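# Secondary and tertiary structure notes
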Amino acid sequence: MANGFFSEDKVSEIRERSNILEVVSDYVTLKKAGKNHRGLCPFHSEKTPSFMVNEEKQIFHCFGCGAGGNVFTFLMKAGNLTFPQAVEELAKRYGIRLPSREPSPAQKREVEKKEVLFQINRIACDYFHDLLTRRREGEIGRRYLSQRGAKDEMIEEHRLGYAPDAWNGLVGHLQEKKVRLEFASELGLIFPKKKGGWYDAFRGRILFPIFDVHGRIVGFGGRLIGQGEPKYLNSPESTIYHKGEILYGLQAAKSSIQEKDSVMIAEGYFDLLALHQNGFKQSVATLGTALTPHHIRTLKRYTKNLVTLFDSDEAGAKANLRSLPLFLEEEVAAKAIFLPKGQDPDEFLRKGNSKEFERRAAGAVPLIDFFFEWLLKNHDMKSIEGKVKVAQEGLGMIGRIPNPIRRNFYKKALAERLNVPQSFLDEAPSSRKTGSFEEGKASKTEVLERLPRSEEMVVGLMLHHPEWIPTISETGILQEFENPALKRMADVLKDLFEKKGKLDISEAMGSVDDPVRDGLSRLLFQQSDPAAAGSPERILKDCIQSIRKKKLRRDEGELLKKIREAEGGQGGNGLDALLMKRQELARKTKGF
Ligand SMILES: [Zn+2]
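A few points on the structure. Small disclaimer: the values here were computed from a predicted structure and weren't measured. (Residues numbered from 1 in each chain as written. Predicted model: local features only at pLDDT ≥ 70, side-chain atom pairs only at ≥ 80, totals over all residues. Heavy atoms only, no water.)

The coordination sphere of the zinc ion, as far as protein atoms go, consists of Cys41 (SG), His44 (ND1), Cys62 (SG) and Cys65 (SG), spread over 2.1 to 2.3 Å. Here the zinc ion binds 4 donor atoms, and the angle range of 106 to 118 degrees at the metal identifies the geometry as tetrahedral. Read in sequence order, the donor residues for the zinc ion give the motif C-x2-H-x17-C-x2-C. Of the two residues, Cys41 is situated in the loop between β2 (36-39) and β3 (51-54) and Cys62 in strand β4 (residues 59-62); the sequence distance between them amounts to 21 residues. (Donors = N, O, S within 2.8 Å, 3.2 Å for Na, K, Ca; no water. Tetrahedral: all angles 85-135°; square planar, octahedral: opposite > 155°, others 65-115°. Helix = DSSP H or I, 4+ residues; strand = E, 2+ residues; numbered from the N terminus.)

Written out as C-alpha cells, the structure reads:
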C-alpha cells in the first residue's frame, strides 16, 4: 500500500490496536456465525448476508461481491477515505498519537509548483477582469454581458473578464510579470507557436474564472462573443484542475447553501449567473461535464438536499436519468426542478419569471419518481412484457441503494405504481445482478471460483502454515502455477514472509492490490486448513504432483499442435526437434 505519510511501525501499531469487528459494526449489523461474524454487505445490495468478518485474523470478505481486506481497506471503502485518512481516523478512534506529517522534498516541490500555477491564473484573471471593467477595449465585452442581462455586481463577484481578439495580449502581460510561460501553457492560457514563441488561447471571449472552494482559480471558461467555434473554450485538465471535481460557483454559493440547507445544480455559466442574480444563490453549475460521484460527495458536505436544474429537453431528461444512480449510491434523495419545455434557467429568469421559478423549485419532483414516471411512459403498460420491463428496470435502479430499509420503501413505491403486491417484486431475481455495475463484480467472483484446485491448496498451505513458505518456495512450484491470480497471491505471501520472517495476515492484506487482496480473503474464509486431514508435507507433495502433471499435459497439447503445423507445412520447420521434445515429455509424464 502506498504510504508516504506514516512510518510502517505506526501503521502496524494502529492495525494491531484496532479491532475490525468494532469498526465494521459502525456500518454493518453483525451476528456471530461460528468462528466468524456475518452481516449484510455494505458494498453491494443483498437480502441474505454474505459479508463475513473474522476477528481472530482481523479481516473481512464478501462472498457476494468479492470485496475483502483488513481494517484499513474496509474503512477506505466504506467511508470513502484515502489510506492516510483511514490511518488518521483509526488513530483518533484508538487514541494513538500520530507524528505531524512532514512532507517529502518531492511533495514540497509539487506544492510549490501548484502555488505558482494558482498565481499565474490569478494574474490572468486580474488582467481579463481589468480589461472588461476598466479599459476601452472592454466595451465589446461589457455590451455583450449587458445584452445577456448580467449585472455589474455579478461581474464583480464572479470576477468575469474579457479577452480581446488579439494574439499577443495575455502573452505580453505575462512576460511583463516575469511568469514562466511553459507553466502558463500547461494551464492552457497560451499556446506555443510552431516556430517558437507563444500566442493567447482565449481571444474575443468573455472569461469566467473557475474557483475552487478555497477561492483559488483552477481554470477558465471562455464564451465567444462573435460568430464561430467553439462557442465555449475551457481550460484543459491540469494538476490544479480536475473537471469531475469542480463545481462552478460553489465558492460563492456555499454559505447560501448551508443557510437554505439546499443546493440547485444547473449546467451552464449563464444559468448560474442568472440564478445568483435573482437571489437563488444556493446554486452551482457542472459546466458541460456530467455530474460525478465526487461532485455529489462535495455537495453533501454542505447539505443533504440536492436538486437538479437541467435543461427542459431530451438531453436534460437524460442527464437526470444518468445522475439518479449516482445519487442513490451516495444515499441522496435528490429532486429535480422542471422548467417549461425548451427553456433553460437563464432564459426563464431573464424573462422575469422569478416568482414562477420559486413556485417550481418548491414543487421539485423526487428524481426516483421522475424515473418511475419515465419508465411507465416508455413502456406499454397494457402488455405483460411492458410491465415486466418496468419491474426489471425499476428493481435494477433500486438495487443501487445501499441501505436495505430505504431500498424496501422504494420497492414498495414501485409495486404500487405497477399495481402489484410488493411480494411480487421480492420474488424477482436478485436485483443486484441487473445493474451493469454489479455485473462486473459478479463475473469477477465467478472467475475466482474456477481456480485450479491444487494451486489454490498450495496458497492455502502458505496462509495456514506460513512456516512452510520457504520449503514451498524452494520446490520451485510457484513458478509453475497456471493461474496468474493465484501466482500473484503466492508470490506476495512469499515476499512478505521473506521480508519479515513471519506472516501477519491482516498486515499482508494492507500491502497488496485489490484483486490479490480479495482473492486472499476469500481463500481464508472459504478454505479450511488444507493440511487438517494430513501433514502439510503430504498435501504439498500431492499438490506439486498434480500441478506438474497438468502442466505436462498442457505442454504436450501445445507441442502436438506445433507438430501438426510442422507436418502440414513444407517440412523442415524443426519437426525433428519437436518430435524429440515430445519423447522427452512422454518420459517425464511416465515418471508420475
Ligand atoms: Zn458484497
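What follows concerns the environment of Leu207. Topologically, Leu207 is positioned in strand β9 (residues 205-211). Classification of Leu207 as buried rests on a relative accessible area of 0%. Distance from Leu207 to Leu233, taken between C-alpha atoms, is 9.4 Å for residues 26 residues apart in sequence. Each residue touching Leu207, except ones within four places of it in the same chain, is listed here: Phe128, Leu160, Gly161, Tyr162, Ala163, Phe202, Phe220 and Gly221. (Buried < 20%, exposed > 50% of the residue type's maximum accessible area, 1.4 Å probe, protein only. Contact = heavy atoms within 4.5 Å.)

The subject of this paragraph is the sheet that holds strand β12 (residues 263-266). The strand order across the open sheet built from 5 strands is β13-β12-β14-β15-β16, with neighbouring strands paired in mixed fashion. The two strands at the open ends of the sheet, each matched to only one other strand, are β13 (283-285) and β16 (365-366). Here 2 bridges tie strand β15 (residues 335-336) to β16, and the two strands are oriented antiparallel to one another. Across the sheet, residue Lys335 finds its bridge partner in β16, namely Pro366. (Pairing = 2+ DSSP bridges.)

Working note: α-helix, 3.6 residues per turn, so residues spaced by three or four point in the same direction. Among the residues of helix α6 (residues 139-147), those classed as buried are Gly141, Tyr144 and Leu145. Here the buried residues of α6 occupy an arc of 95 degrees about the axis, which is enough to place them on one side. Opposite the buried face of α6, at more than 90 degrees from it, the exposed residues are Ser146 and Gln147. Structurally, α6 contributes buried residues whose contacts are with α5 (105-134), α7 (152-157), β6 (161-163), β9, β10 (217-224) and α11 (269-277). Of the residues one or two after α6, Gly149 is the one with positive phi, at around 85 degrees. (Arc of directions from axis to C-beta.)

Attention now moves to the sheet that holds strand β1 (residues 31-33). With antiparallel pairing, the 5 strands of this open sheet are ordered in space as β1-β2-β3-β4-β5. Every other strand in the sheet has two partners, leaving β1 and β5 (68-69) as the edge strands with one partner each. When β3 meets β4, the two strands line up antiparallel, connected through 4 bridges. In the strand pairing of β4, Phe51 is matched with Cys62.

Another point: the environment of Thr292. With respect to the secondary-structure elements, Thr292 resides in the loop between β13 and α12 (293-300). Classification of Thr292 as buried rests on a relative accessible area of 18%. It is 7.4 Å that separates the C-alpha atoms of Thr292 and Leu326, two residues lying 34 residues apart in sequence.

Our next topic: the packing of aromatic side chains. With the rule as written, the count across this model stands at 24 aromatic pairs. Both rings, one in Tyr144 and one in Phe270, keep their centres 6.3 Å apart while their planes meet at 70 degrees; by these two values the pair is edge-to-face. With a gap of 126 residues between them, Tyr144 in helix α6 and Phe270 in helix α11 connect regions that are remote in the sequence. Residue class for Phe270 comes out buried when judged on its relative accessible area of 4%. Ring centres of Phe338 and Phe370 lie 5.0 Å apart, and the angle between their planes is 35 degrees; this geometry places the pair in the tilted category. Pair noted here: Phe338 is in the loop between β15 and α14 (345-350) and Phe370 is in helix α16 (residues 367-378), with a separation of 32 residues, a long-range link. (Phe/Tyr/Trp six-rings, centres within 6.5 Å; stacked < 30°, edge-to-face > 60°.)

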